[in-house]
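Residues per chain, in single letters:
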Amino acid sequence: MNKFYLCNAIAYVNGKPHMGHVLEYIFADAIRRYHILKGEDVFYQNGTDEHGSKIYKTAKDQGLEIQEMVDKNNQTFVNVCKLLNVEYDVWIRTSSDHHKKGAQKLWSKLDEAGDIYKDSYEGLYCVGCEAYLNEKDLVDGKCPNHLKEPEKLKEENYFFKLSKYSDQIKDLIESDTLKIYPEGRRNEMLALCEEGLKDVSFSRPKKVLPWGVNVPDDDDQVMYVWCDALSNYITCLGYGSDDESNFEKYWPCDLQMIGKDILRFHGGIWIGMLLSAGIEIPKALGVHGFITSEGQKMSKSLGNVVDPSEIIEQYGLDALRFYLTREVPTGDDGDFSKERFAIVYSSDLANNYGNLVSRVLAMVNKYDVNIKSEFDVEGFNGVFEKYSEYVEGFDLKKAVEEVLRYLDTLNTLIEETKPWALMKEGNVEEATKVLSNLVEGVRRASIMLWPFIPGTVEKVFGYLNLESNISFADLESTIDDGHQVGTAEPLFPRVEV
RNA sequence: CGCGGGGUAGAGCAGUGGCAGCUCGUCAGGCUCAUAACCUGAAGGUCGGAGGUUCGAAUCCUCCCCCCGCAACCA
């Protein structure tokens, strides 16, 4: 059995989950379910990134113990996954002991490879912020928050020799040993390698960053985000613990899902670290974009922040899952619009899919059709192949569209064959043939839709009186002769807007 | 001269050399199995602008205009 290890970026628990997290979770879950249908041994990681000066600061501002705040926020991410029907196999938290141990093991490997060195870092440090500021953030040379000129501060910390791996990473991407989807992002990463990846600062003095993973054998230094957070993809498999069996079984990762903002870290730093440590690199990176709301960046001040739970309450979970996978280009930015949502819901879900299920099952019941195990594959030819190609090429939107096109052909087929007319003419044989074909078509389309709208498809399988332990292997057979189907309730009822 | 993405029908998008396409919306017709759903047809575009290469350009080249990201220690 093939294994499939799927990762997504871990969420920074400085705030609450937003639509961007939801987007990634749903994409990941759809891909995860697709591979389950393929019959693979799927392992899906998820979790939270819980260190860093921002979290330290937020906790202090809120007057909370750091661990307390982190626990609280972590729970909101766990809850949102549950709400979304996103099922992960492991939930990694970077503040957990076993993660810290793994991160330290990885650090030691890099050190042993001679890729970690000490150097001084010079920056503009604002005492008020307790952090380094960027030159571009300054207003008249002063910190905009504290209206004070930051001090030029020099500190010793560790660096990672990423520059050493620049060419090697470029070769790996060019040869598709490391695939990057979509192509535009691949080009972007190649261009970065072309310019030359630079060494990265890898630690912070404890006095600057007190909340993090200790650097092995140096009591004064704490790991900066790279080794701490990126290592989660292997520590969640037990890397660095007493039991590395999952690491041996599932690594390397088959697909790592990330947002476009962190491409350079995953395509550059992370790969460099793995090369240095002598660990295999991921096979592919899938890069998605951002989601806007009504054409604008979601922000509290604009008041256009979309709360996923409200949408779910109004339209149902699968409608949200469907909207995000069908409407947002998988590798690009997309928009969340209430108007579009209503259109997609009624046109694709209610009218196309939902109504098709209703009319087919209604006729089968009404005309008391004795279903025949035969399927006219014409119309279905090539659909599954294209659908698969799209999912594997990290284009969920096109995959869904492929199924929608197939649903169209089924609706058209009904018009062309007019089963109700056939029954009136007493042509039971032909009507049976057509309706058996339609039931089988609905079954096949539903299988392909399961990764996207699992709850709905399971309902349809219930109406069809079929077991809901679905797999793509079921596409190779047809429904049994004489199979009895049940009746259907509307899958996507009209929603008053 | 920083890097990149984009400008195609009312809206949203596909389309990298060969009669300009899809979805939604609009209009007209058909059907009655179905969630007033479904099917067919029509209207609607000088493919951001200018120039060039070519028998032929949305697609290749040059220049210009407009929008949006990124510019590495915030993740």
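Residues numbered from 1 in each chain as written. Chains lettered and ligands numbered in written order. Predicted model: local features only at pLDDT ≥ 70, side-chain atom pairs only at ≥ 80, totals over all residues. Heavy atoms only, no water.

Comments concerning the overall build of chain A
Stated precisely, the cut-off is as follows: The secondary structure listing takes helices from DSSP runs of H or I that are at least 4 residues long and strands from runs of E that are at least 2 residues long, numbered from the N terminus. Contact criterion: two residues are considered in contact whenever any of their non-hydrogen atoms come within 4.5 Å of each other. By the counting rule applied here, Lys and Arg register as positive and Asp and Glu as negative, while His and the ends of each chain are not counted. Think of each charge as sitting on NZ of Lys, CZ of Arg, CG of Asp or CD of Glu.
Along chain A, the regular secondary structure elements total 18 helices and 15 strands. Referenced to the eigenvectors of the C-alpha coordinate spread, the extents of chain A come out at roughly 90 × 45 × 40 Å. Counting contacts in chain A only where the partners sit at least 6 residues apart, residues at least 24 apart contribute 76% of the total. Taking the 55 positively charged and 83 negatively charged side chains of chain A as two groups, their mean positions are separated by 3 Å.

Brief notes about the side chain of Q221
Cut-off, in case you're wondering: Polar contact is the term for a pair of N or O atoms within 3.5 Å; when the atoms are in protein, one must be able to donate a hydrogen and the other to accept it, and sequence-neighboring residues count only if both atoms are side-chain atoms.
Here Q221 is to be found in strand β11 (residues 221-223). Within the structure, the side chain of Q221 is placed 2.9 Å from the backbone oxygen of E156, a separation counted as a polar contact. Not counting residues up to four positions away in its chain, the partners in contact with Q221 are E156, N157, Y158, S203, R204, P205, K206, N214 and V215.

Section: helix α3 (residues 66-84)
We apply this condition: For a helix, the expected span equals 1.5 Å multiplied by the residue count minus one. Each residue's exposure class comes from its accessible area (1.4 Å probe, protein chains only) as a fraction of the maximum for that residue type: buried when under 20%, exposed when over 50%, partly exposed otherwise.
When the terminal C-alpha atoms of α3 are compared, their 28 Å separation across 19 residues agrees well with the 27 Å that a helix rising 1.5 Å per residue should span. Of all the residues in α3, the buried ones are I66, M69, V70, N73, N74, T76, F77, V78, V80, C81 and L84. Following α3 by one or two positions, N85 adopts a phi angle in the positive range, close to 65 degrees.

A few points about the protein's contact with RNA strand B
Test applied: Being near a molecule or strand, for a residue, comes down to having at least one heavy atom within 4 Å of it. Any residue that is not Ala, Val, Leu, Ile, Met, Phe, Trp, Tyr, Cys, Pro, Asp, Glu, Lys or Arg is counted as polar, Gly included; the first ten are nonpolar and the last four charged.
Taken together, 36 residues form the shell around RNA strand B, and within it R204, Y224, N355, R359 and E415 come nearest. Within the side chain of S201, a nitrogen or oxygen atom sits 3.2 Å from a base oxygen of RNA strand B. Taking F492, its main chain carries an N or O atom lying 3.1 Å from a base nitrogen of RNA strand B. When contributions to the surface near RNA strand B are tallied by element, the ones reaching two or more residues are α10 (263-277), α13 (338-366) and α15 (396-417). With 11 residues, the top contributor of residues to the surface near RNA strand B is α13. Class assignment for the residues of the surface near RNA strand B results in 15 nonpolar, 10 polar and 11 charged.

Re the nonpolar core
Rule in force here: Think of a nonpolar core as a cluster: buried Ala, Val, Leu, Ile, Met, Phe, Trp, Tyr and Cys residues, connected wherever their side-chain atoms sit within 4.5 Å.
In this structure, Y25, L84, L320, L324, F336, Y353 and Y387 are the most contacted members of the largest nonpolar core, which totals 103 residues. With residues near it in sequence (within four places) discarded, Y387 still touches Y34, A399, E402, V403, M448, P451, F452 and F472. The next biggest cluster of nonpolar side chains, apart from the first, holds 56 residues, and it includes I10, F43, L178 and L274.

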